[in-house]
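Structure assessment
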Amino acid sequence: DQQVKQNSPSLSVQEGRISILNCDYTNSMFDYFLWYKKYPAEGPTFLISISSIKDKNEDGRFTVFLNKSAKHLSLHIVPSQPGDSAVYFCAASGSASGTYKYIFGTGTRLKVLA
Amino acid sequence: DAGVIQSPRHEVTEMGQEVTLRCKPISGHDYLFWYRQTMMRGLELLIYFNNNVPIDDSGMPEDRFSAKMPNASFSTLKIQPSEPRDSAVYFCASSKINYYNEQFFGPGTRLTVL
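So, here's what we can say about the structure. (Residues numbered from 1 in each chain as written. Chains lettered and ligands numbered in written order. Predicted model: local features only at pLDDT ≥ 70, side-chain atom pairs only at ≥ 80, totals over all residues. Heavy atoms only, no water.)

1. What to know about the overall build of chain A
Secondary structure summary: chain A contains zero helices and 11 strands in total. The helix and strand sequence of chain A, counted from the amino end, reads β-β-β-β-β-β-β-β-β-β-β. Rg of the C-alpha trace for chain A: 14 Å, near the compact-globule value of 13 Å for 114 residues, within the 12% margin. Its C-alpha atoms give chain A principal-axis dimensions of about 45 × 30 × 20 Å. Contacts in chain A between residues at least 24 apart in sequence constitute 55% of all its contacts with a sequence separation of at least 6. The average position of the 12 basic charges and that of the 9 acidic charges among the side chains of chain A differ by 3 Å. (Helix = DSSP H or I, 4+ residues; strand = E, 2+ residues; numbered from the N terminus. Rg over C-alpha atoms; globule rule 2.2 N^0.38 Å. Contact = heavy atoms within 4.5 Å. Lys, Arg positive; Asp, Glu negative; His and termini not counted. Charge placed at Lys NZ, Arg CZ, Asp CG, Glu CD.)

Dropping the structure here:
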């Protein structure tokens, strides 16, 4: 039972345009969300996070939006660059459950075309 | 900072053989995590340790899998006997004690069981 879902396995975007990656979750106890980026033959690296007390967090070209009522978050990359081509994982965690662990989605492969 | 170190980077073995994956976390990090990445399930948490003590092993698929952390700077994940369906990339990650904290991933071990 996948509690964190990334329904788009892949996405292609033209350089300079906006990339939007989506993530849905099922557990209303989740209160902290992260995005990781992964290049081939490397481990995932942290990109950006958001707490459930916020609905938006911005870091340079990267913005994460959280819609708690819809149990949905999205990552916006503006403008997209070829170096952004990677697999993006969203992850969720719930402090209320008393467990310190993240549940990851299956990932979305982003390809930014030059 | 050397980051999280994993060895070997690649492992090819035959079904039925024992496989041992190794991890050295970042110095000063109190949490250590073992993940498995597959196309179907994305990044799955297998087990995590806090101060060398296993806290949650609910993700360990079956008794063939075992993990140890004899000290703060070393952990192993063992599969005995290995099966072809164990073929995946295995990641180790570590983080500081605080909640709402990013995890730092190693480069992973690509395991192929023939």
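More follows now that the structure is in view.
2. A few points about a nonpolar patch on the surface
Residues and elements named next belong to chain A. Taken together, I18, I20 and V78 make up a surface patch of nonpolar side chains, about 230 Å² in accessible area. Residue position: I18 is located in the loop between strand 2 (10-14) and strand 3 (19-25). Residue classification places I18 among the partly exposed positions, given a relative accessible area of 41%. (Patch = residues over 30% accessible without salt bridge, like charges linked within 9 Å, V, L, I, M, F, W, Y side chains within 5 Å. Areas by Shrake-Rupley, 256 points an atom, 1.4 Å probe, with all protein chains shown as cover. Salt bridge = Lys/Arg side-chain N within 4 Å of Asp/Glu carboxyl O. Buried < 20%, exposed > 50% of the residue type's maximum accessible area, 1.4 Å probe, protein only.)

3. Notes on the sheet that holds strand 6 (residues 56-59) of chain A
Residue and element names in this part refer to chain A. Strands sit in the order 1-3-8-7-6 across an open sheet of five strands; the sheet is antiparallel. Only two strands of the sheet have a single neighbouring strand rather than two, namely strand 1 (4-5) and strand 6. The pairing of strand 7 (residues 62-67) with strand 8 (residues 72-77) spans six bridges and is antiparallel. Bridging from a neighbouring strand, V64 pairs with L75 of strand 8. (Pairing = 2+ DSSP bridges.)

4. Description of the interface of chain B and chain A
At the junction of the two partners, chain B supplies 25 residues and chain A supplies 22 residues. Summed over both sides, the interface of chain B with chain A buries roughly 1,900 Å², with 56% coming from carbon and sulfur. Across the contact surface, chain B and chain A share one salt bridge. Note that K101(A) is salt-bridged to D56(B), the shortest N-O span being 2.7 Å. The interface formed by chain B and chain A includes three residue pairs in polar contact (both at pLDDT 80 or more). Where the side of chain B that touches chain A is concerned, the elements lending two or more residues are strand 4 (31-38), strand 5 (42-50) and strand 9 (88-95) of chain B. For the side of chain B that touches chain A, the residue count by class is 12 nonpolar, eight polar and five charged. (Buried area = accessible area lost by both parts, 1.4 Å probe. Polar contact = N/O pair within 3.5 Å; in protein donor to acceptor, adjacent residues only side chain to side chain. Nonpolar A, V, L, I, M, F, W, Y, C, P; charged D, E, K, R; others polar.)

5. Focus on the pattern of salt bridges
Residues and elements named next belong to chain B. This structure, assessed with the given rule, holds 11 salt bridges over all chains. Here K78 ties to E18 by a salt bridge, and the two come within 3.9 Å at their closest N and O atoms. Of the two residues, K78 sits in strand 8 (residues 74-79) while E18 sits in the loop between strand 2 (10-13) and strand 3 (19-24), which places them 60 residues apart along the sequence. Of the residues examined, K78 reaches a relative accessible area of 30% and is grouped as partly exposed. Notably, a salt bridge pairs R36 with E44, separated by 3.5 Å at the nearest N-O pair. Taken together, the shared-partner salt bridges connect E62, R64, E83, R85 and D86 into one network.

On their own, these measurements won't tell you what the molecule is for.
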